[in-house]
Amino acid sequence: MVNIDKTKPVLVTGANGYVASWVVKQLLEEGITVHAAVRSPENDKKVGHLKQIAQNTPGELKLFKADLLTPGAYKEAMKGCELVYHTASPFITSVKDPQKELIEPAENGTANVLNSANEIDSVKRIVVTSSCVAIYTDAIDAVNAPGGVLTEKVWNTTASLDYQPYAYSKTLAEKKAWEIAKAQNKWDLITINMSLVMGPSLNPNQTTSESMNILKMMGDGQMKMGAPKMGLGLVDVRDVAEAHFKAGYTPEAHGRYITSAHNTNFVEMGLTLADKYGDKYPVPKKALPKWMLMIFGPMVNKLFTRKFIRNNVDIPWKADNSKIKKELGIEFLPMKKTMEDSFQMLIDEGIIK
Ligand code: NAP
């Protein structure tokens with residue numbers, strides 16, 4: 001049981017990111033002082049939206065400069081904080097050097113933040129933004145899980161430096177977090193294991209989050225012939241923020257939390273947009289045949305290997321989200337709302353025309 005004092009500041013690493021910005025917003029709305037650690041505090045394109053939110057909310061925003069790869073970089077921002085949210089980690093899939101671009105910032109960065117917490121007396125709880133990809137790589141892993149369902153007990157054993165290195169980076173990072181947590185008893189660790197996050201961005205033109213790229217593909221014509229019926233989980237970014245908040249401030253919260261609202265696939269996601277946007281925009285309305293993807297997929301996108309297609313397309317994905325609903329009282333938004341709000345944001349921001 002860990003009671004976090006709401007009058008104490010809270011550190012958020014990677015505070016300007018797509019997911020973290022919503023976490024910061026919720027903290028500021030609750031009147032909490034946020035120590036926002038970012039790489040470029042001087043760049044208003046990156047942090048202007050956070051400053052604006054702070055002006056209209058009771059909380060206070062203090063910006064700090066920190067990089068995951070600089071040892072001790074987060075110590076200054078951590079001083080006086082009982083609660084730390086570690087969200088910073090690259091969410092990119094198109095990389096040349098996965099070791100340098102993904103594994104090192106994810107794994108070493110997590111060690112950097114958590115080891116610093118051992119040296120800062122005030123820290124009592126750390127919430128790490130992990131991912132469902134620390135649990136599985138491909139939809140087939142869900143089929144092969146006990147009972148055909150992913151749970152908090154399952155770990156990803158199939159990603160590697162050569163295959164789905166982003167999933168590998170998140171797996172190594174979360175394992176490192178638990179290893180460091182278990183070697184001490186000053187603070188407790190909670191992980192939020194989200195599936196694919198969708199929903200409006202608070203700073204849509206600046207994030208490199210893969211979430212935005214996937215969303216754009218649904219409206220820019222890349223999926224006009226249809227989408228791969230690839231099993232995956234989906235969750236709204238606003239529910240993800242709520243999950244982070246409750247994980248931090250619920251004394252009994254513990255362990256991993258699968259944070260995924262819907263067991264779905266790309267075709268279903270596209271179809272939720274068809275009613276409202278289908279006449280005007282080239283949203284996907286049907287499934288692309290697997291045989292066709294096997295032939296043409298690898299030519300169109302180098303991430304779309306035959307192995308990836310075999311293990312994901314036309315394979316259902318199922319995860320059990322009962323722990324977070326029961327223990328943290330999370331109620332998830334309907335998929336249609338998540339998808340429509342996301343798509344409307346792309347239109348309003350002129351990102352798709
Ligand atoms: P995002 O908008 O790209 O945010 C990533 C954040 O990490 C940014 O603030 C980025 O800073 C920071 N970062 C990257 N490399 C860094 C480094 N070397 N030093 C310091 N900061 C660094 O992506 P997101 O979708 O919000 O992802 C946030 C977290 O959620 C990540 O841990 C990701 O793995 C996890 N997650 C995301 C999803 C999803 O569907 N979006 C699903 C599951 C888990 P800059 O802005 O300076 O680059």
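Residues numbered from 1 in each chain as written. Predicted model: local features only at pLDDT ≥ 70, side-chain atom pairs only at ≥ 80, totals over all residues. Heavy atoms only, no water.

### What about the nonpolar core?
Grouped together as the largest cluster of nonpolar side chains are 93 residues, with contacts concentrated most on Leu 27, Tyr 85, Leu 150, Tyr 249, Phe 266, Met 269 and Met 339. The element best represented in this core is helix 1 (residues 18-29), accounting for eight residues. One finds Phe 64, Ile 120, Trp 178 and Ile 180 within the second-largest nonpolar core, a separate group that totals 26 residues. (Core = buried A, V, L, I, M, F, W, Y, C linked by side-chain atoms within 4.5 Å. Buried < 20%, exposed > 50% of the residue type's maximum accessible area, 1.4 Å probe, protein only. Helix = DSSP H or I, 4+ residues; strand = E, 2+ residues; numbered from the N terminus.)

### Things to note about the packing of helix 4 (residues 98-119) against helix 6 (residues 165-182)
Interaxial distance between helix 4 and helix 6 falls to 9 Å at its minimum, and their mutual angle equals 15°. Viewed along their axes, helix 4 and helix 6 adopt a mutual orientation that is roughly parallel. For the pair helix 4 and helix 6, the crossing hand works out as right-handed. Contacts from Pro 98, Leu 102, Ile 103, Ala 106, Glu 107, Thr 110, Ala 111, Leu 114, Asn 115 and Asn 118 in helix 4 reach Pro 165, Tyr 166, Tyr 168, Ser 169, Leu 172, Ala 173, Lys 176, Ala 177 and Ile 180 in helix 6. By residue class, the composition of the contact of helix 4 with helix 6 is 13 nonpolar, four polar and two charged. (Axes fitted to C-alpha atoms, helices over the stretch in contact; angles between N-to-C directions. Parallel < 35°, antiparallel > 145°, perpendicular 65-115°, else oblique. Left-handed = near helix turned anticlockwise from the far one by under 90°. Contact = heavy atoms within 4.5 Å. Nonpolar A, V, L, I, M, F, W, Y, C, P; charged D, E, K, R; others polar.)

### Notes on the pattern of salt bridges
Following the criterion strictly, the structure yields 18 salt bridges and no others. Across the pair Lys 79 and Glu 76 runs a salt bridge, and its minimum N-O distance is 3.0 Å. The closest approach of N and O atoms between Glu 340 and Lys 336, which form a salt bridge, is 3.5 Å. Placement of the pair is Glu 340 and Lys 336 together in helix 13 (residues 335-348), with a separation of four residues, close to one helical turn. When its relative accessible area of 16% is taken as the criterion, Glu 340 is described as buried. The network of salt bridges with shared partners includes Asp 5, Lys 8, Glu 82 and Lys 124. (Salt bridge = Lys/Arg side-chain N within 4 Å of Asp/Glu carboxyl O.)

### Observations regarding the pairing of strand 1 (residues 10-13)
Both faces of strand 1 are covered, namely the face carrying Val 10 and Val 12 and the face carrying Leu 11 and Thr 13. One ladder, built from four bridges, connects strand 1 with strand 2 (residues 33-38); its direction is parallel. Bridging across to strand 2, Val 10 finds its partner in Val 34. Remark: the strand 1/helix 1/strand 2 crossover connection has right-handed handedness. (Pairing = 2+ DSSP bridges. Right-handed = clockwise from strand over helix to strand, strands pointing away.)

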